[in-house]
Amino acid sequence: MAVIALTGGTGFVGAHLINNALDHGHTVKALTRRPQPARPGLEWVPGTLEDGAALERLVAGSDAVVHLAAVLKASDRRHFFAANVDGTCRLIDAMGKTAPSAKLVHVSSLAARWPELSHYAASKYEAEKAVESIGAGQDWMIVRPPGVYGPGDREILKLIKAARRGILPVPGNRHHRVSLIYGPDLAEVLGHLTQSHIMRGQLVDVDDGHKNGYSYEDLAQVLSGGLGRPVRIMPIPAPVLLLAGHISNLWGKAVQNPSMLTAMKARELLHPDWVSQPSGEGLEQVWTPQHNFATGLAKTLDWARKEKLI
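These numbers were taken from a predicted model, which means no experiment stands behind them.

Considerations on the overall build of the protein
The helix and strand tally for the protein stands at 11 helices and 14 strands. Rg of the C-alpha trace for the protein: 19 Å, near the compact-globule value of 19 Å for 310 residues, within the 12% margin. Dimensions of the protein, computed from the C-alpha atoms along their principal axes, are close to 55 × 40 × 40 Å. Buried positions account for 51% of the 310 residues belonging to the protein.

Here it is in structure tokens:
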């Protein structure tokens, strides 16, 4: 069994990855800012991506490192780069010092395909370049997941609650397409990749296996079936979404609390192509997705109802 070090373990995907690793008998070391509940096989390591010493403690003795942590909202380019690029570089340096033989699985984003789109996209692109610059002796790979959802994801609750009222708000053109992946499935593939060396030095897109992603009409149809009521698409015009992003950004700066919806985030949402291009020689040898949106949504709805969230 392996020792897996993890950043982002307190997040949605990180929680699923911890469960997956422990279920497979691995030991997990996870970085955390705040005290967390103890679990057998799990060691919480206090620290942040800004703390090089903490990162060295995190990765010391590990067989694999999964880098999930990232800043998704920030007030300016500097903050995105400080977390997503500088933090990645510190983690790489820490591995060079205390875990030179460990494999790095760096979790990026489809946004890295278009670094000109936003500060977030640019920071994820530059973080990938930092990983790709690792010396030949280090085992690494980059994973670009699409939209992730599932039990524990609070963001999808907003979409579900809107759909329960019969409306699916969508950004811009109703014909745009998106790829998705169920959170536990993403955790499963990341777990497999920590143990496999056949995809060394590759950049890999993963999704739920639904070829060419989903149209917004597809999503509305699946939500309608899962909720047992008609769901209609409500496109949000680009000028409206961009204006909302500008206003939200100004408000976030005024209250010194960055907003998720900014003008740049609106540009991301309005981009026409969020479809994964599954790649990576050998991926099919280690993993096959188990859930499409219909089956993943059913389990997500079960979780939300059990927790009395909907």
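Considerations on the layout of surface pockets
Estimated volume of the second largest pocket: approximately 210 Å³. Every residue lining the second largest pocket is counted, 18 residues in all, and those nearest its centre are Ala-74, Phe-80, His-119, Thr-262 and Met-264. For the lining of the second largest pocket, the secondary-structure elements that each account for two or more residues are helix H4 (119-132), helix H8 (238-254) and helix H9 (263-270). Counting residues per element, the lining of the second largest pocket draws most heavily on H9, which supplies four residues. Split into classes, the residues belonging to the lining of the second largest pocket amount to seven nonpolar, six polar and five charged.

With respect to the sheet that holds strand E9 (residues 177-178)
Spatially, E12-E9-E14 is the arrangement adopted by the three strands of the open sheet, whose pairing is mixed. The open sheet is flanked by strand E12 (214-215) and strand E14 (273-274), the only strands paired with a single partner. Direction of pairing for E9 relative to E14: parallel, over a ladder of two bridges. Its bridge partner being in E14, Arg-177 is matched across the sheet by Asp-273.

Examining the environment of Gly-213
Summarising the element assignment, Gly-213 is placed in the loop between strand E11 (203-205) and E12. For Gly-213, a relative accessible area of 0% translates into the label buried. Counting along the chain gives 35 residues from Gly-213 to Val-178, while the straight-line C-alpha distance between them is 5.1 Å. Beyond its immediate chain neighbours, meaning those up to four positions away, Gly-213 contacts Arg-177, Val-178, Ser-179, Asp-218 and Val-275.

Looking at a positive patch on the surface
A contiguous patch of positive charge on the surface is contributed by Arg-154, Lys-161, Arg-164, Arg-165 and Arg-305. In this fold, Arg-305 is placed in helix H11 (residues 293-306). Taking the relative accessible area as the measure of exposure, Arg-305 reaches 41% and is therefore partly exposed.

Notes on helix H2 (residues 52-59)
Among all positions of H2, only Ala-54, Leu-55, Leu-58 and Val-59 are buried. An end-on view of H2 places all buried positions within 125° of arc, on one side of the element. Along its buried surface, H2 packs onto strand E1 (3-7), strand E2 (27-32), strand E3 (42-46), strand E4 (64-67) and helix H3 (77-98). Put simply, Asp-51 is the residue that caps the front of H2, since its side-chain oxygen is 3.1 Å from the backbone nitrogen of Ala-53. Positive phi shows up at Gly-61, right after H2, with a value of about 80°.

Conventions adopted
Residues numbered from 1 in each chain as written. Predicted model: local features only at pLDDT ≥ 70, side-chain atom pairs only at ≥ 80, totals over all residues. Heavy atoms only, no water. Helix = DSSP H or I, 4+ residues; strand = E, 2+ residues; numbered from the N terminus. Rg over C-alpha atoms; globule rule 2.2 N^0.38 Å. Buried < 20%, exposed > 50% of the residue type's maximum accessible area, 1.4 Å probe, protein only. 1 Å grid on protein atoms, 1.4 Å probe; cavity = no way out; pocket = protein on both sides within 12 Å on 5 of 7 lines; lining within 4 Å. Points joined across faces, edges and corners; volume = space filled by probe spheres on them. Nonpolar A, V, L, I, M, F, W, Y, C, P; charged D, E, K, R; others polar. Pairing = 2+ DSSP bridges. Contact = heavy atoms within 4.5 Å. Patch = residues over 30% accessible without salt bridge, like charges linked within 9 Å, V, L, I, M, F, W, Y side chains within 5 Å. Areas by Shrake-Rupley, 256 points an atom, 1.4 Å probe, with all protein chains shown as cover. Salt bridge = Lys/Arg side-chain N within 4 Å of Asp/Glu carboxyl O. Lys, Arg positive; Asp, Glu negative; His and termini not counted. Charge placed at Lys NZ, Arg CZ, Asp CG, Glu CD. Arc of directions from axis to C-beta. Polar contact = N/O pair within 3.5 Å; in protein donor to acceptor, adjacent residues only side chain to side chain.

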